[in-house]
Amino acid sequence: MSMPCDMLVFGGTGDLALHKLLPALYHLHRENRLPSTMRIIGISRKLLPRERYIELAERHCRAKIEKKDFLDSTWLNFSERLDYLSMDASQTADFSRLTNILKSNPQNGCIYYLATAPHLFESIAANLARNGLAGSNTRIVIEKPIGHSLQSALSINVAIGEAFSEEQVFRIDHYLGKETVQNLMALRFANALFEPVWRAAHIDHVQISVNETIGVENRGAYYDQAGAMRDMLQNHLLQLLCLVAMEAPVRFDADSVRNEKVKILQALRPISGLDVQDKTVRGQYGNGYIAGHSVPAYYFEKDVDSDSDTETFVAVEVEIDNWRWTGVPFYLRTGKRLAKKTSEIIIQFKPVPHSLFSDSQANHLLIRLQPEERISIELMAKTPGKGMRLEPVELEINLAKAFQDNRRWEAYERLLLDVIENDSTLFMRRDEVEAAWHWVDPILRGWQQHYQRPRPYPAGSNGPELAHSLLEKNGCSWH
Ligand code: BG6
């Protein structure tokens, strides 16, 4: 249910707040979706007067929001909601200033958005509770990565759990807010067509790829400690895998959906010790070209160790030990500085049991999240003319075209509105995050124990050669 509330953004001058959260809040304001009394208060250690913060926010929102949607009068109106507080979130004493601000709007509840480094989550939660700011009319939003390992995720979850009840906690994975990701659930659970074939008897394998052309940009210090496994695979890719593989929930509500997702995470076959050599590939980009421009190797990036062995690419062969999926490999890969930006899921069906035509190929379903949103099935059809020559033809659902009158929402718009409306269906529950780390931790340890240095790949390529052999040994190849 929607509550009158203020939103406090810790890390209010950081990239996430300026590039994603404020533009999303502007759109929600423009469409009259925000509670009328809602104030948005940026918090960081930087000393800034309110006017300077508003200028900073405006600069970023103007750059991000399409011209036709950015109206000066709407901005003026929106900026009245904005405020700024300079404080050190690790210092208990500084929280009294926050208390004073909140007291001036006592009828409002409060949403705390922790757009900060994860090492601050525990102290911020504890300080909020110590200052009586974690009551039942508050919610807390935390961003991935939640921790660095199972141990650190447990410790964050315990600290957050001591201050807030699980119903008050919203763990964001922005991939769950993407339109096509939700369409995946609609496709599977609102169309009777797919269910009978959505299983090992008919599916050969599944590929989930999130390929980026960008490098680490100005996040070298964070990324060099994280790498592709912690930054992307532990959260975004595993969440996509859960949505492809989970059973139909009994209802479309937060607990029913999350119960099914967690079962998949618990059914992932462990990869540990020497298995990492057969089942995983790590890579790191070297110098190369992206769209004709020369780009530096990862170890030349700002704030990255020159001898870094952090992976900027990872591919993993995953198996799910349950009735539906035993024997179906799920290939996951993600990397930075690859040739093309694409995020897609491929469901590769098995070939027909008895082939009448020599050029017949097995069908596949493509679910593309980015750059365009589309779902298509490749079917075999006869080419015109004499003889039975077959070719694959695409049956396409172009979502942008089908719903062209509807504005495409950014993931953060939907997710922020869900927090305001207290709907946690698209957020990760504590046990999900822990189950994901439980599976990822042994891989990270395996890499360390067997000193698996990342394989170099040129920027602008498709990743390290070895990533292809992961699939080739099973007679398939990346889409
Ligand atoms: C973030 C990662 O969670 O997702 C980034 O930290 C990555 O490294 C980004 O670039 C990708 O998100 P999107 O929405 O651009 O695919």
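These figures come from a predicted structure and were not determined experimentally.

What counts, and where the lines are drawn
- Residues numbered from 1 in each chain as written.
- Predicted model: local features only at pLDDT ≥ 70, side-chain atom pairs only at ≥ 80, totals over all residues.
- Heavy atoms only, no water.
- Buried < 20%, exposed > 50% of the residue type's maximum accessible area, 1.4 Å probe, protein only.
- Helix = DSSP H or I, 4+ residues; strand = E, 2+ residues; numbered from the N terminus.
- Pairing = 2+ DSSP bridges.
- Axes fitted to C-alpha atoms, helices over the stretch in contact; angles between N-to-C directions.
- Near = heavy atom within 4 Å.
- Polar contact = N/O pair within 3.5 Å; in protein donor to acceptor, adjacent residues only side chain to side chain.
- Areas by Shrake-Rupley, 256 points an atom, 1.4 Å probe, with all protein chains shown as cover.
- Nonpolar A, V, L, I, M, F, W, Y, C, P; charged D, E, K, R; others polar.

A. Molecular detail of the pairing of strand β7 (residues 203–211). For β7, the buried fraction is high: 8 of the 9 residues fall into the buried class. Note: β7 against strand β12 (residues 342–349), 8 bridges, orientation antiparallel. The residue of β12 that forms the bridge with Val206 is Ile347. Alignment of β7 against strand β11 (residues 330–335), held across 6 bridges, turns out to be parallel. Pairing of Ile208 across the sheet is with Leu332, part of β11.

B. Layout of the sheet that holds strand β4 (residues 109–114). Overall, parallel pairing links the 6 strands, which are arranged β3-β2-β1-β4-β5-β6 in an open sheet. Every other strand in the sheet has two partners, leaving β3 (82–86) and β6 (169–172) as the edge strands with one partner each. Along the sheet, successive strands turn relative to each other by an average axial angle of 20°, direction set aside.

C. Quick look at the site of the ligand. Taken together, 13 residues sit near the ligand, with Lys144, Tyr175, Lys178, Glu212 and Asp231 positioned nearest. In this structure, Tyr175 approaches the ligand through a side-chain N or O atom, which is 2.4 Å from an oxygen atom. Contacts to the ligand include Lys178, whose side-chain N or O atom sits 2.6 Å from an oxygen atom. Compared with its free state, where it exposes 400 Å², the ligand has 83% of that area covered by protein. Among the elements that take part in the shell around the ligand, helix α8 (residues 220–245) stands out by supplying 3 residues, more than any other. Among the residues making up the shell around the ligand, the classes are represented as 3 nonpolar, 3 polar and 7 charged.

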